[in-house]
Amino acid sequence: MWDLITQGGPLVWVLLALSFAATVVVLERVLYFQRNRVHVGNLVLGLANHVRKKAFGEALHEAARAPGPVARVAHATLMRHNLPRADLRDIAREAGQLEVPRIEKNLRALYTVALVAPLVGMMGTVMGLIETFGGMQERAGFSSVKMINSGVHECLITTAVGLMVAVPAYLFYMHFLGRAKRMVHRIERAGIEMVNVICDARGATSDIVSFGEEVAQARWSKNKQSVEDKVSSGK
């Protein structure tokens, strides 16, 4: 490996710098997704139990303790649980949009490394070939096969190193891009479910109140009719 670095020329060091940057991004993304991994169904179910009991304080506390963007979106929705459904949907959508830059952080840098590394390798190869054939011209075209093979070998090293950097970087980029899309989907799902849970809990409360009012009205009408019947029979 050290021979490739020493024979490849100065552009190999540029490729090594790109490789180091890609490694840092990969480690940072791995830690981010590992740290913010949460089961959406369990989280929403736990919050829904608190919401149905009107224990919004406990729901907010549980959402604040849970890690990840899904919990933050649920927390933002619960904080404004008194708003109408349309406003709650907007709040959940805006909170999710604020999380997208964090989820996709540094992915463009990884994609840039995957694109630039092969180009740097090709540039090193072209420059090496120019230098090799320039040396042949200086020697009036008299060069041995060994010298030509040695020069071409050194030129192709940068292309090989560039591909060695680009291929893993692109594979990691596609992997993290897929995980980011899945996390955005979970955020949208959690926001929709929290809005539905809050609005359903309010609807259940209003139905209970309405039913109680109907029962009271029926009892009042029955008592009134009973009094009227007694008065009529007394006459």
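Before reading further, recall that the structure is shown in the block above.
Remember, predicted model here, so these are calculated numbers, not experimental data. (Residues numbered from 1 in each chain as written. Predicted model: local features only at pLDDT ≥ 70, side-chain atom pairs only at ≥ 80, totals over all residues. Heavy atoms only, no water.)

### Thoughts on the environment of Val38
When you line up the elements, Val38 lands in the loop between helix 2 (11-35) and helix 3 (40-52). Separated by 28 residues in sequence, Val38 and Ala66 place their C-alpha atoms 7.9 Å apart. With sequence-adjacent residues up to four places away left out, Val38 is seen in contact with Pro67 and Val70. (Helix = DSSP H or I, 4+ residues; strand = E, 2+ residues; numbered from the N terminus. Contact = heavy atoms within 4.5 Å.)

### Re the packing of aromatic side chains
For the coordinates displayed, the defined rule picks out five aromatic pairs. Taking the centre distance of 6.0 Å and the plane angle of 15° together, the rings of Phe33 and Phe176 count as stacked. Of this pair, Phe33 sits in helix 2 while Phe176 sits in helix 8 (residues 145-234), and the two are 143 residues apart along the sequence. Here Phe33 matches Phe176 in class, with each residue buried. A centroid spacing of 6.1 Å and a plane angle of 20° characterise the contact between Phe172 and Phe176, whose relative ring orientation is stacked. A residue pair is termed a helical-turn pair when its members lie 3 or 4 positions apart in one helix, as Phe172 and Phe176 do in helix 8 at four residues. Among the residues examined, Phe172 registers a relative accessible area of 37% and is labelled partly exposed. Clustering of aromatic rings is evident, with ring pairs tying together Tyr32, Phe33, Phe172 and Phe176. The ring of Tyr32 has Arg29 sitting right over it, with the charged end atom 4.4 Å from the ring centre. (Phe/Tyr/Trp six-rings, centres within 6.5 Å; stacked < 30°, edge-to-face > 60°. Buried < 20%, exposed > 50% of the residue type's maximum accessible area, 1.4 Å probe, protein only. Lys NZ or Arg CZ within 6 Å of the ring centre and 35° of its normal.)

Function-wise, these values are silent; they only describe arrangement.
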